[in-house]
Amino acid sequence: MRFRRDMPQDGVRRNELIRAREVRVIAADGEQLGILQRNDAIALAKEAGMDLVEVASTSEPPVCRIMDYGKFKYEQQKKKQEAKKRQSVVQIKEIKVRPKTDDHDYETKIRHIRRFLEDGDRCKITVFFRGREIVHKDRGLSILERVVQDLADVAKVDQEPRAEGRTLQMLLVPKK
């Protein structure tokens, strides 16, 4: 994305970078000062020890606010950080099994899946076939059905088992 020459890097015009001759000015306390010449508005802002910041460039005339731009940027950055902290990232964990997976290995994988689901992650179970095992897709389906039964208390099926090439895949999500 290319920026025009008169647009600052952060995308907010302030003080002398404002292009319009006349601007609608809002004071620092929120009071409307009316439509003023750009230079008069900048002088008012400097007098108050603040900046004139363009907040609505598309309106006619553009709306500008007298504010401490550094403090405004700092508060915006803090809000972004707070929002980022509150969001939860859901990951998709994958567990691979084969039609010949032994009972002990199966139980271990079930424990892993249970832990992933309790942590709030989604879990993709993949049954992959080697060589002539592909003929016995019914074995793979029975393994996936067994997984669903064993995890019925913590998981529900989000995506039914489906075949893709030499694999069968199913997606489980945690119950609320």
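Residues numbered from 1 in each chain as written. Predicted model: local features only at pLDDT ≥ 70, side-chain atom pairs only at ≥ 80, totals over all residues. Heavy atoms only, no water.

1. Here's the deal with the overall build of the chain
Part 1 of the argument: On a plain count of helices and strands, the chain comes out with 4 helices and 8 strands.
Part 2 of the argument: Starting at the N terminus, the α and β elements of the chain follow one another as β-β-α-β-β-α-β-α-β-α-β-β.
Part 3 of the argument: Taking 176 residues into account, the globule formula puts the C-alpha radius of gyration at 16 Å, and the chain, at 30 Å, lies well above it.
Part 4 of the argument: The C-alpha extent of the chain, read off along each of the three principal axes, is 80 × 30 × 20 Å.
Part 5 of the argument: Counting all 176 residues of the chain, 30% fall into the buried class. (Helix = DSSP H or I, 4+ residues; strand = E, 2+ residues; numbered from the N terminus. Rg over C-alpha atoms; globule rule 2.2 N^0.38 Å. Buried < 20%, exposed > 50% of the residue type's maximum accessible area, 1.4 Å probe, protein only.)

2. Overview of the sheet that holds strand β4 (residues 63-67)
Part 1 of the argument: On the basis of which strands lie adjacent, the open sheet formed by 4 strands has the order β2-β1-β4-β3 and mixed pairing. Across the chains shown, the open sheet's two edge strands, defined by having one partner strand only, are β2 (32-37) and β3 (51-56). Shown here is a sheet whose adjacent strand axes are inclined to one another by a mean of 35 degrees, direction ignored.
Part 2 of the argument: When strand β1 (residues 22-26) meets β4, the two strands line up parallel, connected through 3 bridges. Paired with V25 across the two strands is C64, which belongs to β4. (Pairing = 2+ DSSP bridges. Axes fitted to C-alpha atoms, helices over the stretch in contact; angles between N-to-C directions.)

3. Points about the UniProt feature "domain: Translation initiation factor 3 N-terminal" (unreviewed entry) in the chain
Part 1 of the argument: If you check UniProt for "domain: Translation initiation factor 3 N-terminal" (unreviewed entry), the listed places come out as residues 15-83 in our numbering.
Part 2 of the argument: Between the C-alpha atoms that bound residues 15-83 there is a distance of 30 Å. The span itself is 36% helix and 32% strand. (UniProt positions renumbered as here; feature names shortened; annotations may be inferred.)

4. Things to note about the nonpolar core
Part 1 of the argument: If you look at the biggest cluster of nonpolar residues, it comprises 20 residues, and the most contacted ones within it are I113, L117, I125, V147, L151 and L172.
Part 2 of the argument: Put simply, the parts of the chain that give this core at least two residues each are β5 (92-97), α3 (103-118), β6 (122-128), α4 (137-150) and β8 (167-174).
Part 3 of the argument: Examining the composition of this core, we find that 5 residues originate from one element, α3, more than from any other.
Part 4 of the argument: What L117 contacts, discounting residues up to four positions off in sequence, is C123, L151, V154, A155, L172, V173 and P174.
Part 5 of the argument: Within the second largest apolar cluster, 9 residues are counted, among which are I18, V23, A41 and I66. (Core = buried A, V, L, I, M, F, W, Y, C linked by side-chain atoms within 4.5 Å. Contact = heavy atoms within 4.5 Å.)

5. Focus on the UniProt feature "domain: Translation initiation factor 3 C-terminal" (unreviewed entry) in the chain
Part 1 of the argument: Taking the UniProt record as the reference, the feature "domain: Translation initiation factor 3 C-terminal" (unreviewed entry) is found at residues 90-175.
Part 2 of the argument: Taken end to end, residues 90-175 has its terminal C-alpha atoms 14 Å apart, with 35% of it in helix and 36% in strand.

6. Looking at the side chain of E133
Part 1 of the argument: Among the secondary structure elements, E133 is positioned in the loop between β6 and α4.
Part 2 of the argument: Given a relative accessible area of 10%, E133 falls into the buried group.
Part 3 of the argument: Apart from residues no more than four positions distant in its own chain, E133 is found in contact with R98, P99, K100 and F128.

7. Digging into the side chain of E54
Part 1 of the argument: Along the chain, E54 turns up in strand β3.
Part 2 of the argument: Looking at E54, the relative accessible area reads 12%, which means it is buried.
Part 3 of the argument: The residues touching E54, leaving out its near neighbours within four places in the chain, are V12, R13, I18, P62, V63 and C64.

8. Quick look at the sheet that holds β8
Pairing between the strands of a sheet is mediated by backbone hydrogen bonds and can be parallel or antiparallel.
Part 1 of the argument: The strand order across the open sheet built from 4 strands is β5-β6-β8-β7, with neighbouring strands paired in mixed fashion. Looking along the sheet, the strands with just one partner apiece sit at the ends: β5 and β7 (155-164). For this sheet, the mean inter-axis angle between neighbouring strands, taken without regard to orientation, is 20 degrees.
Part 2 of the argument: Taken together, the 7 bridges between β7 and β8 define a ladder with antiparallel strand orientation. Bridging across to β8, K156 finds its partner in V173.
Part 3 of the argument: The strands touched by α3 within the sheet are β5, β6, β7 and β8, with β5 carrying the most contacts at an inclination of about 170 degrees.

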